[in-house]
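A structural walkthrough
Take a look at the letters that make up each chain.
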Amino acid sequence: MTGREVRLRIEALAVMALLALGVWARLDGLGWPPLTEPEAVRALSALQATDAPSPFWAPDATPDNPAYAAPTALLFQALGAGEGTARAVSALMGAALLLAPLALRRRLGAARTLLLMAGMALSPVLIALARTAGGGAAAVMALGGALALMWGGVEGRGRRLGAAALLGMALAAGPASLQGLIALLIGWAIYRAWSWRRGDDDAPLLLNRPRGADWWPLPLVALALASGFGFVPGALAGIFEGLGSWLQGWQGGAGIPAASFAAALGAYEPLLLALGLAGAWGALRGGDSGSRFALCWATGAIIAGLIYPGRAASDLAWLTLPLALLAANALYDFLGGFQMRGDVRWAWLGMVAGLLALLAFAYLEMAAYAMGLGPNVAPLEADYRLAYVAAALGLATLVVVLFALGWGWNTAWRAVATAGLSVLLLANVYAAWHLNAGRGAARAREFWRPRATTTNVSLLLDTLRGIGTANYREPYALPIALQRDAPAWLAWSVRGFRAGHVPAAAPTAVLAREGDDLGPAAAEYIGQKIALEERWDWGGDLPPSLLAWLLRREAPVVSETWLVLVPPQWAVPQLAAPAASETTP
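1. Let's talk about helix α11 (residues 217-226)
Residues spaced three or four apart along an α-helix face the same direction, because each turn holds 3.6 residues. Listed in full, the buried residues belonging to α11 are Pro217, Leu218, Ala222, Leu225 and Ala226. All buried residues of α11 project into a common sector of 145° when viewed along the axis, lining one side. As for α11, its buried residues are in contact with α3 (66-79), α9 (157-171) and α12 (238-252). Count one or two residues on from α11 and you reach Gly228, which has phi positive near 60°.

Given below as structure tokens:
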């Protein structure tokens, strides 16, 4: 076996390992957490095209992202509706995005391609987007994949046709594609102006732009996806609905504050942000055309996100893609110069371990300070913890200086960079866990979700199913009455039950917000309070204690409490308690 064959085999194994890691992060436990309000709106829109729509949702709702709604409707029809199937299309699109760097291998080289794939596979923003029901993941995959095919280092009509097909998918993916397209156009304008001032004569940036007869896949793919390949023709109107939703975002201003959007980048993508800034510095100092365009694209994504009133934290995905490319370049340059003698290597390793130990100590002290806990010498004085943090950081600085005097500043700098990258990688894992897997994923303490459906929804469903089984011998035979303005997440959660009305001849369970006028049910029914939804409860754009939020995800939230009311003869043990007893997350 030749050396080239060995390298290709190792590269193939690395690609498969990164794909497996990325797919696992996007598919594992896909049914958690409960659907939020925006997710439930999209899932219910897809559910209306099936034989089992929710009786608590308007049947004429038109989805604004048909590339998600139509395929999801087919999945619902074939596999049944659930949180996992509601997010399956997004997860598959997010996994497919990881293949885009392979189209750039000829231009980037094998090492940079693998680093780019690793950055995308481990990105908390891209993982969370792939685990969110909606058209965002399809939009990012479509535009990102099309750009990769057009920018790839090999020309060919097949790539042009593929790019046109992916642009057709983007057309049907809803308002997220329009936001990404605006970011690309702003970045392209900056890149052209920069190239004109520099007088660049580089090779053309895009080699495979569709032209002439190459555009025919675009409308075909858009129509096929938007109609569920002809099985869901009613979803076609969603293409225009997506444009309307995006334009409405310019008027309503219902997005997260600009400060929250900017803070979310550092909170969710610390590793890509640090390496991306290093890559941006390299691009400014004379990088190739691809690096310069990635920098301009990132700038365009920042501008597009800040000027759009309907911005969401998921719009950071358009910034994550160019940052991943810049980060791959910076990390490649860092690893390429990583050569040292054996004795220096052991000293470097010891310094990295020492720095990590001191940083871990400083983190624990900061976490205790954020909790208001003082040290043993002064348990009620949390400020003493700051002295310990300062001492740890000062000792770390002294270690670096002494190491540099003995083994050289270049080796010392690489040890500091290695320790820093290790800490940022751990911060990435921490952010991804809280966004997608931890118990906090069902709480409204993240910039990603200003509103969250709590885990108490499962308790609510268990109670309703218990009442149905006790009185009808069938858990979902229970009739339920909802308020006219009931949120989408509640209509989704109780979709399997029958719709009831109050007043009515037959007994009916009632779900109502605490404090609302319940009519006759107020005097005749018994029940219990339960907190089913949370939303932000801080006055400014950021949580009141940003340190506590960064370290422990602590932030004030307000719960929306609902009443579960049933006739007295239906009472089950969990409803026999006084109405004031509230179940909290």
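2. Re the pairing of strand β4 (residues 509-513)
Of all five residues making up β4, five are buried, and the element is well covered by its neighbours. Where burial is concerned, the two faces of β4 agree: the one with Ala509, Leu511 and Arg513 and the one with Val510 and Ala512 are both buried. Of the pairings in the sheet, the one linking β4 to strand β6 (residues 557-566) comprises four bridges and is antiparallel in character. Note that in β6 the partner of Val510 across the bridge is Leu565.

3. Notes on the pairing of β6
The buried fraction of β6 is high, at eight of 10 residues. Bridge analysis of strand β5 (residues 526-536) against β6 gives 10 bridges, and the strand direction is antiparallel. The partner of Glu533 across the bridge, within β6, is Glu560.

4. Some details on the confidence of the model for the chain
On average, the chain scores 88 in pLDDT, and the residues at 70 or more come to 93%. The low-confidence segment residues 576-585, where pLDDT is below 50, has 24 contacts with residues more than four positions distant or belonging to other chains.

5. Looking at the packing of aromatic side chains
Enumeration according to the criterion identifies 15 aromatic pairs in this entry. Where Trp246 meets Tyr308, the ring centres are 6.1 Å apart and the plane angle is 20°; that geometry is what we call stacked. Of this pair, Trp246 sits in helix α12 while Tyr308 sits in the loop between α15 (289-307) and α16 (317-336), and the two are 62 residues apart along the sequence. Among the residues examined, Trp246 registers a relative accessible area of 11% and is labelled buried. Lying over the aromatic face of Trp492, Arg495 brings its terminal NZ or CZ to 3.9 Å of the ring centre. A cation sits over an aromatic face here: Arg553 above Trp549, 4.0 Å from the ring centre.

6. Observations concerning empty space enclosed by the protein
All told, the structure shown has two cavities of 30 Å³ or more when counted by the stated rule. Of the voids in this model, the largest cavity is the one considered here, and its volume is about 260 Å³. If you trace the largest cavity, you find 19 residues lining it, with Leu104, Gly144, Leu147, Trp297 and Leu325 closest to the centre. Listed by contribution, the elements that provide at least two residues to the lining of the largest cavity are α6 (110-121), α8 (136-151), α15 and α16. Tallied by class, the residues present in the lining of the largest cavity amount to 17 nonpolar, two polar and no charged. Taken as a whole, the second largest cavity holds about 50 Å³ of empty space. What lines the second largest cavity is Arg26, Gly94, Leu97, Leu126, Leu129, Ala130, Ala137 and Val140. Those elements giving two or more residues to the lining of the second largest cavity turn out to be α4 (83-97), α7 (124-130) and α8. The leading source of residues in the lining of the second largest cavity is α7, at three residues. Tallied by class, residues from the lining of the second largest cavity come to six nonpolar, one polar and one charged.

7. A word on the nonpolar core
Ranked by size, the top nonpolar core spans 133 residues in total, and within it Tyr268, Leu464, Ile480, Trp492, Val494 and Leu511 carry the most contacts. With 13 residues, α8 is the single largest residue contributor to this core. Ignoring any residue separated from it by four or fewer positions in sequence, one finds Ile480 in contact with Phe56, Leu464, Val494, Phe497, Arg498, Ala499, Gly500, Thr508, Ala509 and Leu511. The next biggest cluster of nonpolar side chains, apart from the first, holds 13 residues, and it includes Trp348, Met351, Ala396 and Ala412.

8. Side note on unusual backbone geometry
In this structure, the amide linkage connecting Trp32 to the following residue, Pro33, adopts the cis form with an omega of -5°. Its location among the elements puts Pro33 in the loop between α1 (3-27) and α2 (37-47). One non-glycine residue, Phe229, lies in positive phi territory at about 55°. With respect to the element layout, Phe229 can be found in the loop between α11 and α12.

9. Details of α4
Taking 1.5 Å per residue, 15 residues should reach 21 Å; α4 reaches 22 Å between its end C-alpha atoms and fits that length. Val89 marks where α4 bends most, by close to 35°. Across the 15 residues of α4, 11 count as buried, placing the element largely inside the fold. Along α4, the residues classified as buried are Thr85, Ala86, Arg87, Ala88, Val89, Ser90, Ala91, Met93, Gly94, Ala95 and Leu97.

10. Overview of the packing of helix α14 (residues 270-284) against helix α19 (residues 409-436)
Packing of α14 against α19 brings their axes to within 7 Å, and their N-to-C directions diverge by 140°. One element, α14, and the other, α19, form an angle in the oblique class. Between α14, through Pro270, Leu271, Ala274 and Leu275, and α19, the contact on the second element is made entirely by Leu421, Leu424, Leu425, Ala427 and Asn428. In terms of residue class, the contact of α14 with α19 is made up of eight nonpolar, one polar and no charged.

11. A short note on the side chain of Asp315
Within the fold, Asp315 resides in the loop between α15 and α16. Lacking a salt bridge, the buried Asp315 has Arg311 as its closest oppositely charged neighbour, with an N-O distance of 6.9 Å. Discounting residues that sit within four places of it in the chain, Asp315 has contacts with Gln179, Phe261 and Tyr308.

Rules used throughout
Residues numbered from 1 in each chain as written. Predicted model: local features only at pLDDT ≥ 70, side-chain atom pairs only at ≥ 80, totals over all residues. Heavy atoms only, no water. Buried < 20%, exposed > 50% of the residue type's maximum accessible area, 1.4 Å probe, protein only. Helix = DSSP H or I, 4+ residues; strand = E, 2+ residues; numbered from the N terminus. Arc of directions from axis to C-beta. Contact = heavy atoms within 4.5 Å. Pairing = 2+ DSSP bridges. pLDDT = per-residue confidence, 0-100. Phe/Tyr/Trp six-rings, centres within 6.5 Å; stacked < 30°, edge-to-face > 60°. Lys NZ or Arg CZ within 6 Å of the ring centre and 35° of its normal. 1 Å grid on protein atoms, 1.4 Å probe; cavity = no way out; pocket = protein on both sides within 12 Å on 5 of 7 lines; lining within 4 Å. Points joined across faces, edges and corners; volume = space filled by probe spheres on them. Nonpolar A, V, L, I, M, F, W, Y, C, P; charged D, E, K, R; others polar. Core = buried A, V, L, I, M, F, W, Y, C linked by side-chain atoms within 4.5 Å. Expected span 1.5 Å × (residues − 1). Bend = angle between axes of the 7 residues up to and from the residue. Axes fitted to C-alpha atoms, helices over the stretch in contact; angles between N-to-C directions. Parallel < 35°, antiparallel > 145°, perpendicular 65-115°, else oblique. Lys, Arg positive; Asp, Glu negative; His and termini not counted. Salt bridge = Lys/Arg side-chain N within 4 Å of Asp/Glu carboxyl O.

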